[in-house]
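# Structural features, examined
The primary structure of each chain is shown beneath.
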Amino acid sequence: MKVIILCGGKGTRILDEVRIHPNVKANTNSRPPLWHIMDIFARHGFKDFILPLGYKGDQVKKYFSEYTFLHSDFTIDLATGHVTPHGTCPTDWTVTLCDAGQDTLKGARIKSVAHHIDSPRFMVTYGDGVADIDIKALLDFHMRSGNIGTFTGVRTPPRIGSVQTDATGNILSWQQTPLLNEYISCGFFVFESVFLDYLSDDPCCDLEGGPLERLAAEGQLGMYLHKGFWHCTAHRAPQVFYTGDTSKKFAA
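Bear in mind that the values here come from a model prediction, so they are computed numbers and not experimental data.

## Quick look at the packing of aromatic side chains
Tallied over the entire structure, the rule returns 13 aromatic pairs. Ring geometry for phenylalanine 64 versus tyrosine 67: centroids 6.3 Å apart, planes at 20 degrees, classification stacked. Looking at tyrosine 67, the relative accessible area reads 7%, which means it is buried. The ring centre of tyrosine 198 lies 4.0 Å from the NZ or CZ of arginine 214, which sits over that ring.

## Topic: the environment of isoleucine 40
Of note, isoleucine 40 is situated in helix α3 (residues 33-42). Spatially, the C-alpha atoms of isoleucine 40 and aspartate 134 are 8.7 Å apart, while their sequence positions differ by 94 residues. Those residues in contact with isoleucine 40 that sit more than four places away from it in its chain are Val130, Ala131, Ile133, Ile135 and Phe188.

## Re the environment of glycine 101
With respect to the element layout, glycine 101 can be found in the loop between β5 (94-99) and α6 (106-112). Residues glycine 101 and glycine 8, 93 residues apart in the sequence, show an inter-C-alpha distance of 8.1 Å. Among all residues touching glycine 101, those that are not within four sequence positions of it are Leu53, Gly54 and Arg109.

## What to know about the nonpolar core
In this structure, Ile5, Leu34, Phe41, Leu51, Ile133, Ile135 and Phe188 are the most contacted members of the largest nonpolar core, which totals 34 residues. Only β1 (2-6), α3, β2 (48-53), α4 (57-65), β7 (129-131), α7 (135-145) and β14 (230-232) provide two or more residues apiece to this core. Looking at this core, the element that brings in the most residues is α3, giving seven residues. Of all hydrophobic cores here, the second largest spans 23 residues; its members include Ile4, Cys98, Cys205 and Leu215.

## Quick look at helix α8 (residues 208-217)
Considered for burial, the residues of α8 that qualify are Pro211, Leu212 and Leu215. On an axial view of α8, the arc spanned by its buried residues comes to 85 degrees, and they lie on one face. Across from the buried face of α8, at angles greater than 90 degrees, the exposed residues are Glu213 and Ala217. Tucked into the core, α8 has its buried residues touching β8 (149-154), β12 (189-192) and β13 (221-225).

## Observations regarding the side chain of threonine 91
Inspection of the secondary structure puts threonine 91 in the loop between β4 (83-86) and β5. A residue is classified by how much of its surface remains accessible, and threonine 91, at 18% relative accessible area, is buried. When near neighbours in sequence (up to four residues on either side) are disregarded, threonine 91 contacts Trp35 and Tyr67.

## Thoughts on the pairing of β4
Sheet topology note: the strand β3 (residues 73-76)/β4 ladder contains four bridges and is antiparallel. Residue pairing across strands places threonine 75 opposite threonine 84, the latter belonging to β4. What sits between β3 and β4 in their antiparallel hairpin is a turn of six residues, with glycine 81 showing a positive phi close to 80 degrees.

## Here we look at unusual backbone geometry
For lysine 56, which is not glycine, the phi dihedral falls at a positive 55 degrees. Along the chain, the position of lysine 56 falls in the loop between β2 and α4. On the basis of relative accessibility, which here comes to 23%, the residue lysine 56 falls in the partly exposed class. Phi is positive for phenylalanine 188, which is not a glycine, with a value near 50 degrees. Here phenylalanine 188 falls in the buried class, since its relative accessible area comes to 0%.

## Details of the pattern of salt bridges
Throughout the structure, instances matching the rule amount to nine salt bridges. Here lysine 61 and aspartate 99 are joined by a salt bridge, their closest N and O atoms 2.9 Å apart. Of this pair, lysine 61 sits in helix α4 while aspartate 99 is found in strand β5, placing the two residues 38 residues apart along the sequence. Across the pair glutamate 192 and arginine 121 runs a salt bridge, and its minimum N-O distance is 2.8 Å. A residue pair is termed long-range when its members are at least 10 positions apart, and glutamate 192 in strand β12 and arginine 121 in strand β6 (residues 121-126) qualify at 71 residues. Since its relative accessible area comes to 19%, arginine 121 is described here as buried. Here the residues in one salt-bridge network are Lys106, Asp206 and Glu208, joined through shared partners.

Quick notes on the rules
Residues numbered from 1 in each chain as written. Predicted model: local features only at pLDDT ≥ 70, side-chain atom pairs only at ≥ 80, totals over all residues. Heavy atoms only, no water. Phe/Tyr/Trp six-rings, centres within 6.5 Å; stacked < 30°, edge-to-face > 60°. Buried < 20%, exposed > 50% of the residue type's maximum accessible area, 1.4 Å probe, protein only. Lys NZ or Arg CZ within 6 Å of the ring centre and 35° of its normal. Helix = DSSP H or I, 4+ residues; strand = E, 2+ residues; numbered from the N terminus. Contact = heavy atoms within 4.5 Å. Core = buried A, V, L, I, M, F, W, Y, C linked by side-chain atoms within 4.5 Å. Arc of directions from axis to C-beta. Pairing = 2+ DSSP bridges. Salt bridge = Lys/Arg side-chain N within 4 Å of Asp/Glu carboxyl O.

Here you go:
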């Protein structure tokens with residue numbers, strides 16, 4: 001099954017965050033956040049990726065084209081430039097990199113790589129969100145639902161605390177990070193291939209506004225509730241998110 005990572009937007013900071021902020025690189029074992037997102041799927045057996053590129057796509061191409069030598073031992077003859085690798089690369093993934101346009105929105109990015117999708121269904125996620133999600137459980141949920149699309153929903157704490165008082169100003173309750181009674185999408189989608197018909201080649205075709213709204217209106221969109229760790233890597237400051245399972249807290 002193909003896994004599409006939406007990593008072409010100007011706000012995802014896939015590789016330039018690593019270049020500008022060395023601590024990000026140090027905290028991710030010298031690998032960019034994009035690699036860790038892909039590894040979430042790979043650890044569950046999904047290793048066939050499609051990357052619709054846009055902003056700074058050349059950096060993403062450069063990273064993966066040099067990946068084997070970055071993560072393997074080799075001998076180089078400086079006189080001839082001949083390189084002899086030693087052993088095999090430990091990462092057994094297949095990565096398809098496609099130019100989707102600098103300003104193309106997410107829906108059109110997915111549509112632009114439709115010819116690479118050769119399975120009854122496929123997965124999609126954002127290029128700036130990591131989670132300890134069980135991908136196989138997500139897929140099972142989607143299969144049982146019979147819906148065209150499934151997204152992963154999380155409950156996130158607000159960034160500030162909440163205090164309730166009575167009319168005289170006495171404190172009734174104090175919650176530093178109360179959970180909201182609303183859900184947001186953290187990505188990690190599963191779609192039946194027919195969903196591609198909901199998308200267009202128009203660069204202004206987005207994913208959430210339009211296609212997903214239509215799926216929801218037709219009763220064809222389900223939510224898989226994730227209660228574990230989720231973090232958006234676009235946030236530079238360290239944060240702790242726990243989305244329901246209070247036995248686990250993760251500093252990101």
